[in-house]
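Given next are the chains, with one letter for each unit.
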Amino acid sequence: MKFDVLTLFPELFNIVMRESIIGRAQENGIIKVNAINIRDYSKDKHKKVDDYPFGGGTGMVMTCQPVIDAYNDITKDMTVKPKVIYMSPQGRVLNQKIAKELSTEEHLILLCGHYEGIDERIIEEIVDEEISIGDYVLTGGELPAMVLIDCVSRLVQGVLASENSYSEESHFNGLLEYPQYTRPADYNGKKVPDILLSGHHANIEKWRTQQSIERTKQKRPDMYEVYERTHKKNL
Ligand SMILES: NC(=O)c1ccc(NCc2cccc(O)c2)nc1
């Protein structure tokens, strides 16, 4: 899966996306993250990429020309135009379901805005979808783009060590994750629940499911309400 990222700060991606699981997935050729510097496409003699908003107001707006020219350049040889996602506070809020949908795409283009946003005509011209990582405003779309790349990439076949490592985890099955323990079995007098040391896998699975349900009910009643509706017969 390939991500082309249109950004004013490509170095951010070159450093962060080279580390850990995403970095290894790039080395293995499963994922490719290609950061493109929008500023390189500015035709302004001072390489300006923003300007004052018409109608007044504080802050600056990203101009059309550098972004549209960058998009046209990276897609000029593509027969199928990839989906363009603009990271914006106005977007559909990212969740595990959306991440799963996006992980089936071969190629995504992510557009990172800055300042107070981008000229609306960019959205009309090239953006297919706006996605937000939550209801708050950041200084730029780069962190949201990295969050999206991380949560989508880990669902791509071969990125995580084992497929089922995400199928049981939080949000994937509509529940929060059960508590996890590792050695030592007794840490400062705090013991690991006996059931987990029993080696009885059927009982362990039952205990874990019950823990997930209880945690979801307590921490995320909104998620529990959906789970209850879809599983009411088993509860
Ligand atoms: N919640 C998010 O996903 C998110 C995304 C981007 C962003 N900042 C850049 C920006 C972009 C557009 C308008 C705007 O006001 C600010 N901040 C938060």
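Conventions adopted
- Residues numbered from 1 in each chain as written.
- Predicted model: local features only at pLDDT ≥ 70, side-chain atom pairs only at ≥ 80, totals over all residues.
- Heavy atoms only, no water.
- UniProt positions renumbered as here; feature names shortened; annotations may be inferred.
- Near = heavy atom within 4 Å.
- Polar contact = N/O pair within 3.5 Å; in protein donor to acceptor, adjacent residues only side chain to side chain.
- Areas by Shrake-Rupley, 256 points an atom, 1.4 Å probe, with all protein chains shown as cover.
- Helix = DSSP H or I, 4+ residues; strand = E, 2+ residues; numbered from the N terminus.
- Nonpolar A, V, L, I, M, F, W, Y, C, P; charged D, E, K, R; others polar.
- Patch = residues over 30% accessible without salt bridge, like charges linked within 9 Å, V, L, I, M, F, W, Y side chains within 5 Å.
- Salt bridge = Lys/Arg side-chain N within 4 Å of Asp/Glu carboxyl O.
- Buried < 20%, exposed > 50% of the residue type's maximum accessible area, 1.4 Å probe, protein only.
- Arc of directions from axis to C-beta.
- Core = buried A, V, L, I, M, F, W, Y, C linked by side-chain atoms within 4.5 Å.
- Contact = heavy atoms within 4.5 Å.
- Pairing = 2+ DSSP bridges.
- Axes fitted to C-alpha atoms, helices over the stretch in contact; angles between N-to-C directions.
- Parallel < 35°, antiparallel > 145°, perpendicular 65-115°, else oblique.

- For the chain, the name recorded in an unreviewed UniProt entry is tRNA (guanine-N(1)-)-methyltransferase, with Ruminiclostridium herbifermentans as its organism.
- Among the UniProt annotations of the chain, the heading Subunit (unreviewed entry) holds the following wording: "Homodimer."

## Focus on the site of the ligand
Consideration 1: Around the ligand, the surrounding shell holds 16 residues, and the nearest of these are Y86, I133, G134, Y136 and L138.
Consideration 2: Contacts to the ligand include I133, whose backbone N or O atom sits 2.8 Å from an oxygen atom.
Consideration 3: With respect to the ligand, the backbone of G134 contributes an N or O atom lying 2.8 Å from a nitrogen atom.
Consideration 4: Protein coverage of the free-state accessible area of the ligand, which is 420 Å², stands at 94%.
Consideration 5: Residue contributions to the shell around the ligand peak at four residues, all from strand β5 (residues 83-93).
Consideration 6: By residue class, the composition of the shell around the ligand is eight nonpolar, seven polar and one charged.

## Notes on a nonpolar patch on the surface
Consideration 1: Among the surface-exposed residues, Y136, L138 and L143 lie close enough to one another that they form a single nonpolar patch of about 290 Å² accessible area.
Consideration 2: Take L138: it is sitting in the loop between β7 (129-132) and α6 (142-153).

## Topic: helix α9 (residues 221-231)
Consideration 1: Every buried residue of α9 is listed here: M223, Y224 and Y227. Down the axis of α9, the smallest arc covering the buried residues is 100°, so these residues share one side.

## Looking at the nonpolar core
Consideration 1: Counting residues in hydrophobic clusters, the biggest one holds 30 residues, and the most contacted among them are F3, F13, L110 and L148.
Consideration 2: For this core, the secondary structure elements donating two or more residues are β1 (2-7), α2 (20-27), β2 (32-37), β5, α4 (96-102), β6 (107-112) and α6.
Consideration 3: Counting residues per element, this core draws most heavily on α6, at six residues.
Consideration 4: With residues up to four places along the chain from it excluded, the contact list for F3 reads I31, K32, V33, N34, L108, L110, L148, I149, V152 and S153.
Consideration 5: Counting 21 residues, the second largest nonpolar core, distinct from the first, contains Y71, I74, Y86 and I109.

## Description of the sheet that holds β2
Consideration 1: Read from one edge of the open sheet, five strands run β2-β1-β6-β5-β7, paired in parallel fashion. The sheet is open, and its two borders are formed by β2 and β7, each paired with just one other strand. The mean inter-strand angle of the sheet, taken between neighbouring strand axes irrespective of direction, is 35°.
Consideration 2: Summarising the sheet, β1 and β2 pair through six bridges and their orientation is parallel. Bridging from a neighbouring strand, L6 pairs with I36 of β2.

## A look at unusual backbone geometry
Consideration 1: Backbone torsion omega between R183 and P184 reads 5°, so that peptide bond is classified as cis.
Consideration 2: Even without being a glycine, N188 presents a positive backbone phi close to 50°.
Consideration 3: By the element assignment, N188 lies in the loop between β8 (186-187) and β9 (190-191).
Consideration 4: By relative accessible area, which is 68% here, N188 ends up exposed.

## Some words on the packing of helix α8 (residues 201-219) against α9
Consideration 1: Contact pair α8 / α9: the axes reach a minimum separation of 6 Å and the direction vectors enclose 130°. Compared by their axis directions, α8 and α9 come out oblique. Taking contact as the criterion, the partners of I213, T216, K217, Q218 and K219 in α8 are, on α9, P221, M223, Y224 and Y227.
Consideration 2: Its residues assigned to classes, the contact of α8 with α9 shows five nonpolar, two polar and two charged.

## A few points about the environment of I118
Consideration 1: Along the chain, I118 turns up in the loop between β6 and α5 (120-126).
Consideration 2: Contact partners of I118, with chain neighbours within four places excluded, come to V61, M62, Y86, L111, G113 and I123.

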